[in-house]
Amino acid sequence: MTKFFVSLLVVMALVLVSGCTTKPTSDQSDIDGLAQAIRELGPEVDPGEAERAARIAHTYSLQLAQDWQVTDPAIIHNAKVINGFRERGLCNDWAEALNKRLKQEGFRTLSMHWAISPPTDFRIIHHTAVISRRGDTMYDGIILDPWRYGGVLFWSHTRADDRYNWRPRLEVREELLKASEARKAAKAG
């Protein structure tokens with residue numbers, strides 16, 4: 001019970017420190033910029049698909065922020081989810097939802113990927129969606145990260161996003177599972 005009250009106090013303090021926030025927005029120039037970057041992934045990229053993907057990525061991210069009641073910076077919203085005050089809105093929720101939504105489009109010239117930046121001494125694990133030209137890897141694509149700014153889509157070429165060490169989801173997952181098993185074996189042995 002004490003842990004609950006400490007968690008509640010932490011969340012309340014974070015809310016007070018964060019102050020008031022406004023509803024996240026993006027405009028046509030944001031969509032146009034992303035559409036252009038997607039088209040520039042290669043001449044095989046269909047311009048209509050690029051525009052549709054950019055529009056969906058921006059508008060769906062804002063819709064998720066509204067649906068999940070994201071009103072605070074990402075790290076504060078994470079605390080609310082972890083402590084049961086919100087149901088969804090962790091980075092893996094955003095990555096899963098955006099990947100699923102964009103895959104529903106059945107793009108012929110674009111592919112979706114799920115990327116993870118593994119935890120480090122100074123950073124927790126982070127998940128995101130990546131869009132690329134069909135046949136390319138996530139490293140040649142564009143990060144689509146709505147978590148970072150609470151529903152306002154951050155995007156960048158994967159290799160240019162130096163804030164995180166993006167790698168394929170399954171590769172990181174396997175690595176983390178092996179490390180967990182090794183720690184369990186060391187404790188047992």
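So, how was this worked out
Here the residue index of a chain counts from 1 through its sequence in written order. Totals for whole chains, interfaces and linings use every residue, but because this is a predicted model, local features are given only for residues with pLDDT of at least 70 and side-chain atom pairs only at 80 or more, for both listing and counting. In computing side-chain values, all of the structure's heavy atoms are included and hydrogens and water are not. The pairing criterion is simple: DSSP has to find at least two bridges between the two strands. Here a strand is any run of E in DSSP of at least two residues, a helix any run of H or I of at least four, and the numbering for each starts at the N terminus. The contact rule is simple, with two residues in contact once any of their heavy atoms fall within 4.5 Å. Fitting a line to C-alpha atoms yields each axis, with helices limited to the stretch in contact; the angle taken between N-to-C directions then spans 0 to 180 degrees. Aromatic contacts are taken between Phe, Tyr and Trp rings whose centres are within 6.5 Å, Trp giving its six-membered ring; a plane angle under 30 degrees counts as stacked, one over 60 as edge-to-face, and the others as tilted. Exposure is judged per residue with a 1.4 Å probe applied to protein chains only, and the accessible area is read against the type maximum: over 50% gives exposed, under 20% gives buried, and values in between give partly exposed.

K.L.:
Looking at this structure, I do not really get the pairing of strand β4 (residues 152–157). What am I missing?
P.N.:
Across a regular strand the side chains alternate sides, sitting on one face of the sheet and then on the other. Where strand β3 (residues 142–149) and β4 come together, five bridges link them in antiparallel fashion. Directly across from Ile143, in β4, lies its bridge partner Ser156. Connecting β3 to the antiparallel partner β4 that follows it, the hairpin turn spans two residues, and Gly150 within it adopts a positive phi of roughly 60°.

K.L.:
Just checking my understanding: could you explain the sheet that holds strand β5 (residues 167–168) for this structure?
P.N.:
Neighbouring strands of a sheet are bound in pairs by backbone hydrogen bonds; such pairs are parallel or else antiparallel. The strand order across the open sheet built from five strands is β4-β3-β2-β1-β5, with neighbouring strands paired in antiparallel fashion. With partners counted over all chains shown, the strands left at the sheet margins are β4 and β5, one partner each. Across the face of the sheet, helix α5 (residues 91–103) comes into contact with β1 (110–117), β2 (126–133), β3 and β4 while running at roughly 25° to β2.

K.L.:
How should I be thinking about the packing of aromatic side chains in this particular structure?
P.N.:
The geometry of two aromatic rings is summed up by the distance between their centres and the angle between their planes. All chains considered together, the criterion is met by three aromatic pairs. Arranged with centres 5.1 Å apart and planes meeting at 40°, the rings of Tyr164 and Trp166 form a pair that is tilted. For Tyr164, a relative accessible area of 8% corresponds to the buried category. Trp166 sits in the buried class, given a relative accessible area of 4%.

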